[in-house]
Amino acid sequence: MPRLFVDLPLAPGQLLTLPPGPSRHVQVLRLQPGDGLVLFNGQGGEWAATVTRMGRQEVEVRLDHPLDTDRELPRAVTLAVGMPANERMDWLVEKATELGAAAFAPLVCERSVLRLAGERAQKKQAHWQGVAVAAAEQSGRTRVPAVHGLRPLREGLAALDAGATRWVLSLRDDAAPLPQALRELPAEGSLVLLSGPEGGLSPAEEDLARSIGHRPVNLGPRVLRAETAPLAVLAALAVV
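Residues numbered from 1 in each chain as written. Predicted model: local features only at pLDDT ≥ 70, side-chain atom pairs only at ≥ 80, totals over all residues. Heavy atoms only, no water.

Asks: Sorry, what's going on with the environment of L16 here?
Replies: Relative to the assigned elements, L16 resides in strand β2 (residues 15-17). Expressed as a C-alpha distance, the spacing of L16 and V59, which sit 43 residues apart in the sequence, is 8.4 Å. Other than its neighbours up to four places away in sequence, L16 contacts L8, L10, L39, V59, E60 and V61. (Helix = DSSP H or I, 4+ residues; strand = E, 2+ residues; numbered from the N terminus. Contact = heavy atoms within 4.5 Å.)

Listed below in structure tokens is the structure:
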């Protein structure tokens, strides 16, 4: 059954005119009045709905009943990522959304290849938010991760949840192995995971992260790519 994201409040019995994007999707699928679909607004939960009217530009649906659905990770995980190269950031947002990330905080680091500011940065943020919406539709997520605005590392880390557990991916000898960190992770609460761009965080950047409470965590003897390392942690969190 088609499953579509709509950025609108949803309530049982509601007659809803779909926004232009979802309307086009329904028209491309050639749905007809009486056909069923599933809607979600990214705030948790999803709804069974029925097409009631197909217009030339608009599609109207009726919300029938909420569906008992829970496909989210047991804790909210924010990926604070030193931006990798352009297409790799797209891939990271897509796959991390599929794996359950709750939010993305793109950071400009010393070794970041992609550097944006002003209108270009805002356009990229909107683009990555669209990637997250599409990945949430495809993967069955009931929540759409928020993509925060691009910030320098120090400013970006200061803006994140101060009460969350914080990890920084590290290659240093004193970093805790991931299995140990997972065992010692508090049973409740959110997690901020800091991961560097290509080439990793600089020593000064990692020192900064440690100084504000990020625990160094190591993923093992292999050096993973910037877009792969945070995905490995998300995959591990999904099975603990």
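Read on for the rest.
Asks: How do you make sense of the pairing of strand β13 (residues 215-218) when you look at a structure like this?
Replies: Residues in a regular strand point their side chains to alternate faces of the sheet. Across three bridges, the pairing between strand β10 (residues 165-169) and β13 is parallel. Counterpart to L169 in the pairing with β13 is V217. When strand β11 (residues 176-177) meets β13, the two strands line up parallel, connected through two bridges. Along β13, the bridge assignment pairs P177 with N218. (Pairing = 2+ DSSP bridges.)

Asks: Is there a simple way to think about the pattern of salt bridges in this case?
Replies: Where side chains of opposite charge bring their charged atoms close, a pairing between them can arise. Counted by the stated rule, this structure contains 17 salt bridges. Here D207 makes a salt bridge to R172, at a shortest N to O gap of 2.9 Å. In this pair, D207 is assigned in helix α6 (residues 203-211) and R172 in the loop between β10 and β11, connecting sequence segments 35 residues apart. The class of D207 is partly exposed, set by a relative accessible area of 40%. Here E184 and R215 are joined by a salt bridge, their closest N and O atoms 2.7 Å apart. Here the residue E184 occupies a position in the loop between α5 (178-183) and β12 (191-195), and R215 occupies one in strand β13, the gap between them amounting to 31 residues. Shared partners join several salt bridges into a network, and the residues in it are R172, D174, E206, D207 and R210. (Salt bridge = Lys/Arg side-chain N within 4 Å of Asp/Glu carboxyl O. Buried < 20%, exposed > 50% of the residue type's maximum accessible area, 1.4 Å probe, protein only.)

Asks: Explain the sheet that holds strand β3 (residues 36-40) here, please?
Replies: Two orientations exist for strands paired in a sheet by backbone hydrogen bonds: parallel and antiparallel. Read across the open sheet, the five strands follow the order β1-β3-β4-β5-β2; overall the sheet is mixed. Of all the strands in the sheet, just β1 (3-5) and β2 have a single pairing partner and so form its edges. Across the sheet, the axes of successive neighbouring strands diverge by a mean angle of 40°, strand direction being ignored. Across four bridges, the pairing between β3 and strand β4 (residues 46-54) is antiparallel. Each bridged residue has a counterpart across the sheet, and for V38 the counterpart in β4 is A48. The strands that helix α1 (residues 20-28) touches are β1, β3, β4 and β5 (59-67); relative to β1, the one it contacts most, it runs at about 160°. Running over the sheet, helix α3 (residues 118-139) touches β1 and β3 and is turned about 155° from β1. (Axes fitted to C-alpha atoms, helices over the stretch in contact; angles between N-to-C directions.)

Asks: Just to check I follow, could you spell out the packing of helix α2 (residues 86-99) against α3 for this structure?
Replies: Relative placement of two packed helices is described by the angle separating their axes and the distance separating the axes. Contact pair α2 / α3: the axes reach a minimum separation of 8 Å and the direction vectors enclose 35°. With respect to the hand of their crossing, α2 and α3 are arranged in right-handed fashion. On the side of α2, the interface is formed by N86, M89, D90, V93, E94, T97 and E98, while α3 contributes K124, H127, W128, V131, A132, A135, A136, Q138 and S139. (Left-handed = near helix turned anticlockwise from the far one by under 90°.)

Asks: Quick question: what am I supposed to make of the side chain of R3 here?
Replies: With respect to the helices and strands, the residue R3 is situated in strand β1. Within the structure, R3 has its side chain in polar contact with the backbone oxygen of A136 (distance 3.0 Å). Within polar-contact distance, the side chain of R3 engages the backbone oxygen of R141 at 2.3 Å. (Polar contact = N/O pair within 3.5 Å; in protein donor to acceptor, adjacent residues only side chain to side chain.)

Asks: What's the story with the side chain of S112 in this structure? I'm lost.
Replies: Counting through the fold element by element, S112 comes out in the loop between β7 (103-108) and α3. Here S112 falls in the buried class, since its relative accessible area comes to 6%. A polar contact of 2.8 Å, which involves the side chain of S112, links it to the backbone nitrogen of C109. The residues touching S112, leaving out its near neighbours within four places in the chain, are G82, M83, L107 and P197.

Asks: Sorry if this is basic, but what is going on with helix α7 (residues 229-237) here?
Replies: Because the α-helix completes a turn every 3.6 residues, residues three or four places apart line up on one side. For α7, the tally of buried residues reaches seven of nine residues, placing the bulk of the element in the interior. Those residues of α7 that are buried lie in contact with β6 (77-82), α2, β10, α5 and β12.

Asks: Would you mind showing me how to read the packing of α2 against α7 here?
Replies: It is at 10 Å that the axes of α2 and α7 come closest, and there the two elements cross at 5°. Comparing the axis directions of α2 and α7 gives the class roughly parallel. Counting all contacts with α2, which are made through W91, L92, K95, A96 and L99, the residues of α7 involved are P230, L231 and L234. Per-class residue counts for the contact of α2 with α7 are seven nonpolar, no polar and one charged. (Parallel < 35°, antiparallel > 145°, perpendicular 65-115°, else oblique. Nonpolar A, V, L, I, M, F, W, Y, C, P; charged D, E, K, R; others polar.)

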